[in-house]
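Descriptive structure summary
What follows is the residue order along each chain.
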Amino acid sequence: MKKQLHFLIALGIAFFFLTTISYAQVGNKSQLSIKEIMQGDDFVGHLPSRLQWSDDSKILYFNWNTENAISDSLYTYKLSSEEISKVNFETQWEMPSNRAIFNKDKSKKLYAKNGDLFLLDLSNYAKTQITNTLARESNPHFTANESKVAYRNGNNLFTWEISTGKTVQVTDFKKDALRDKPVDDKDQWLKDDQIEMFNILQENKERKEEEKKYADQSKLKRPLPIPLKGMIVMSVQLSPDGNYVTYIMTKRSPSKQTIVPQWVSESGYTGDQNTRSKVGDKPATYKMFIYDINNRKTYAVESDSLEGIDYVPEYTLDYPDKKYENKDRIGSISAPVWSEDGQRAFIEINSNDYKDRWLALLNIADGTIETIEHQHDEAWIAGPGIGWFSEKALGWMPDDRSIWFVSEVSGYAHLYSKDVVSKKIKALTKGKFEVFTPQISNDKKYWYFTSSKEHSGERHFYSMPINGGKAQRITTMTGNNEVELSPDEKYLAIRYSYSNKPWEIFLMKNPLISGQDENLVQITKSTTENFKNYEWRVPENITFKAEDGAKVHARLYQPRAEVKNKAAVIFVHGAGYLQNAHKWWSSYGREYMFHNILADNGYTVLDIDYRASSGYGRDWRTGIYRHMGGKDLSDQVDGVKHLIDKYDIDPEKAGIYGGSYGGFITLMAMFNEPKTFKAGAALRSVTDWAHYNHGYTARILNTPATDSLAYRRSSPIYFAEGLQGKLLMLHGMIDDNVHFQDVVRLSQRFIELGKEDWEMAIFPVERHGFTKASSWTDEYTRIFKLFQETLLDK
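Below or above, wherever it landed, is the structure these notes cover. Bear in mind the structure is a predicted one, so any value in this text is a computation, not a measurement. (Residues numbered from 1 in each chain as written. Predicted model: local features only at pLDDT ≥ 70, side-chain atom pairs only at ≥ 80, totals over all residues. Heavy atoms only, no water.)

Considerations on the packing of aromatic side chains
- Within this structure, the stated rule accounts for 49 aromatic pairs.
- Here Trp 64 and Tyr 75 contribute two aromatic rings whose centre-to-centre distance is 5.6 Å and whose plane-to-plane angle is 75 degrees, an arrangement assigned as edge-to-face. Residue Trp 64 is found in strand β2 (residues 59-64), and its partner Tyr 75 is found in strand β3 (residues 73-78); the two are separated by eleven residues along the sequence.
- Here the aromatic rings of Tyr 247 and Phe 289 are separated by 5.6 Å at their centres, their planes lie at 15 degrees, and the arrangement is stacked. Within this pair, whereas Tyr 247 is found in strand β16 (residues 244-251), its partner Phe 289 is found in strand β19 (residues 285-292), the two being separated by 42 residues in sequence. (Phe/Tyr/Trp six-rings, centres within 6.5 Å; stacked < 30°, edge-to-face > 60°. Helix = DSSP H or I, 4+ residues; strand = E, 2+ residues; numbered from the N terminus.)

A closer look at the side chain of Arg 495
- Summarising the element assignment, Arg 495 is placed in strand β35 (residues 491-498).
- Classification of Arg 495 as buried rests on a relative accessible area of 15%.
- A distance of 2.7 Å separates a polar side-chain atom of Arg 495 from the backbone oxygen of Pro 48.
- Residues contacting Arg 495, with those up to four places away along its chain left out, are Pro 48, Ser 49, Leu 51, Asn 480, Asn 481, Glu 482, Trp 503 and Glu 504. (Buried < 20%, exposed > 50% of the residue type's maximum accessible area, 1.4 Å probe, protein only. Polar contact = N/O pair within 3.5 Å; in protein donor to acceptor, adjacent residues only side chain to side chain. Contact = heavy atoms within 4.5 Å.)

Structural notes on the environment of Met 288
- Of note, Met 288 is situated in strand β19.
- Counting along the chain gives 492 residues from Met 288 to Tyr 780, while the straight-line C-alpha distance between them is 51 Å.
- Not counting chain neighbours up to four residues away, the residues in contact with Met 288 comprise Tyr 247, Ile 248, Tyr 299, Ala 300, Val 301, Ile 333, Ser 334, Ala 335, Pro 336, Ile 347 and Leu 362.

What about unusual backbone geometry?
- Non-glycine residue Asn 114 carries a positive phi angle of around 55 degrees.
- Here Asn 114 lies in the loop between β6 (108-113) and β7 (116-121).
- Although it is not a glycine, Asp 648 sits at a positive phi angle of roughly 55 degrees.
- Note on placement: Asp 648 falls in the loop between α11 (631-646) and β42 (654-659).

Focus on the sheet that holds strand β5 (residues 100-102)
- Taken in spatial order, the four strands line up as β5-β6-β7-β8 in an open sheet, and their pairing is antiparallel. Two strands lie at the open edges of the sheet, namely β5 and β8 (126-129), each paired on one side alone. Ignoring which end each strand starts from, the neighbouring axes of this sheet average 25 degrees apart.
- Where β5 lies against β6, three bridges are found, and the strand directions are antiparallel. What sits directly across from Ala 100, in β6, is Tyr 111. (Pairing = 2+ DSSP bridges. Axes fitted to C-alpha atoms, helices over the stretch in contact; angles between N-to-C directions.)

Describing a nonpolar patch on the surface
- Among the surface-exposed residues, Met 197, Phe 198 and Ile 200 lie close enough to one another that they form a single nonpolar patch of about 300 Å² accessible area.
- For Ile 200, the location among the structural elements is in helix α6 (residues 199-219). (Patch = residues over 30% accessible without salt bridge, like charges linked within 9 Å, V, L, I, M, F, W, Y side chains within 5 Å. Areas by Shrake-Rupley, 256 points an atom, 1.4 Å probe, with all protein chains shown as cover. Salt bridge = Lys/Arg side-chain N within 4 Å of Asp/Glu carboxyl O.)

Brief notes about the nonpolar core
- In terms of nonpolar packing, the biggest core is built from 68 residues, with Tyr 661, Trp 689 and Leu 727 touching the most fellow members.
- At eight residues, helix α12 (residues 661-672) tops the list of elements feeding residues into this core.
- Apart from residues lying up to four places away in sequence, Tyr 661 is in contact with His 573, Gly 574, Ala 575, Gly 576, Tyr 610, Ala 612, Ile 624, Met 628, Asp 632, Trp 689 and Tyr 696.
- Membership of the second largest hydrophobic core comes to 43 residues, among which are Phe 43, Phe 531, Trp 585 and Phe 594. (Core = buried A, V, L, I, M, F, W, Y, C linked by side-chain atoms within 4.5 Å.)

Description of a positive patch on the surface
- Taken together, Lys 191, Lys 205, Arg 207 and Lys 208 make up a surface patch of like positive charges.
- Along the polypeptide, Lys 208 turns up in helix α6.
- On the accessibility criterion, Lys 208 (57% relative accessible area) is exposed. (Lys, Arg positive; Asp, Glu negative; His and termini not counted. Charge placed at Lys NZ, Arg CZ, Asp CG, Glu CD.)

Considerations on the packing of helix α5 (residues 185-197) against α6
- Following both chains from N to C, one finds α5 and α6 inclined at 105 degrees, their axes separated by 5 Å at the closest point. On the basis of their axis angle, the class for α5 and α6 is roughly perpendicular. Taking contact as the criterion, the partners of Gln 194, Ile 195, Glu 196 and Met 197 in α5 are, on α6, Asn 199, Leu 201, Gln 202 and Lys 205.
- Classifying every residue of the contact of α5 with α6 by side-chain character gives three nonpolar, three polar and two charged. (Parallel < 35°, antiparallel > 145°, perpendicular 65-115°, else oblique. Nonpolar A, V, L, I, M, F, W, Y, C, P; charged D, E, K, R; others polar.)

Purely geometric stuff here, so don't read any function into it on its own.
This is how it looks when you write it as structure tokens:
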């Protein structure tokens, strides 16, 4: 009887799900269906990515999928034949890596691939395999005036002599050995008495002493043993002259990890995943050391002299009765960046509270450092080329006397140079725009970089004189131009997209080299016929004024006048620090297509780059410091007001949805702005920031133990009693980023508060980023149904 009852319940639930989905699809007036657009790349087309040139600049490699296979494959485009072909496994295995180190005149290329090391002679493209082991060799670099290659195997550093192939171990990092137990007075007396009494024992002792003396002398011919003392060794590197090894020792405190159960498994049993810990971990310690090979000694690089190292954050003033302690603020140290002539090196140091960044000149002979550049932010240091969602961009200028780096000191990420002797700094670029991925030309006369100089929602490729000056725009197409420059700099491979045109690859000769205007040639065509059969909207890039007077950028999707229903949907992008109100194909491709469906059904859709978004400089990025759900939420409210004032939207017909950070904002909107939003769909939402990870959250809110006020005013779970409208929560059960536990805890809060107008859809086999088209379809069908029922009373 019990089994029959369970069967009937399951059947009823299945019938409810099916009827729900069917109902939602029936109400859709668009020629597009939710099911087809949620197929993702199978509907849009598999788009090219990861462009890479051959070393001779004759072949362009890229990932693509023209066969609707499970995953992308490597393809080539040959300039000579203008033909595209798929690369077989053997060719791909033998290809040199594009992540490489070059010697001074760029005649040799050094790289690691598949765990082994290779040296490529660029004069004849002859390849020499340096290692061929089952271990993983890494971090290859030239040393000993480029006569040797240094590399890491396990913890230790080795050198390989180019002329002879001779391999030498340079370091000997040792795990802690077991110490001999101390001998007490009684046992020591007995031992001495025994030796004195028996000749054979005296002879044994003398022989052991001789052996030890020989062994000690032999050790002098080997690397100096360096004890790890329970720490992890990182960034082991040999100086250009081969005389010094720099290395970083770090120790991480143990932290409790969250267990995420896996409910649907091959075994039929639940499995446990150990995922991340929660924000507030005790910071790891970092210390740089130098090993003087010739003098067989090690010494520490001391950071006590760094300007501002004893800084106490301003937010601690809110806690006058709480003692603030952060005795060792060093949060990371880079390996030395050496000048091309090998005479100077600088290191980058970041604080563990993310508020300071130092670039310091390193004296390799004695371990002292001298600050070249100190960057401080009361909120947190970040930005393009600086760190956090971005690769670091820094190095030496061609004069080997000045360094270059990116800084937000002006309010926007710009390129600077600074003389390490005179400390004179120069802004190479300036203005209310940002600079991305700068690189120096082969002849060292120019910069190449990508920038938003033309418009915050566009990306173009520029060249500029090495010491600054007028920047010349090279790319011409409106949208995003991701450029991969050929090694000889004669060609630009451009991965390009526009608002309603997905990514494709174009090829163009470099006009800076050819001296004339050049035409673009499209070499890939990826979109499917089904995708091309629909006339996709170009969202209008608009701005509106926020309550504090700030100019907010957004993308607007408008319905045709004859179907307009005066309802609005606000979409909140994820990540926080991400840009979506731009003029290129969105990383939210499914959402873009869903917004077209909503517009076809009469909805007006607004996609806002709220406070915290990337692309608008430092103040925009840090506008959420110590209060997530503050200005980032009021920007959504002001967006609705703008739609009401300018686009004839009914104030009673506004809904909101988003995933991850967007789900968090949706919850805050439903709890704290119930008069503005009648319905909300929160996907994979953070409900309590004290339960998210350290690296992201501690930058914005500090830590729960030191800044509890920031966490309480920023976490939706504390405002759940404000729910009035209709809320739909959707979450993957094996999400190892924003844990399923987040929405479970909020659900219990709703139950205890007696809230009724909320529902939760769970997805047993999905993590943070969904991968199954069926899950996407179910998710967005429910969202569509929510808006139809609550905003239109259908």
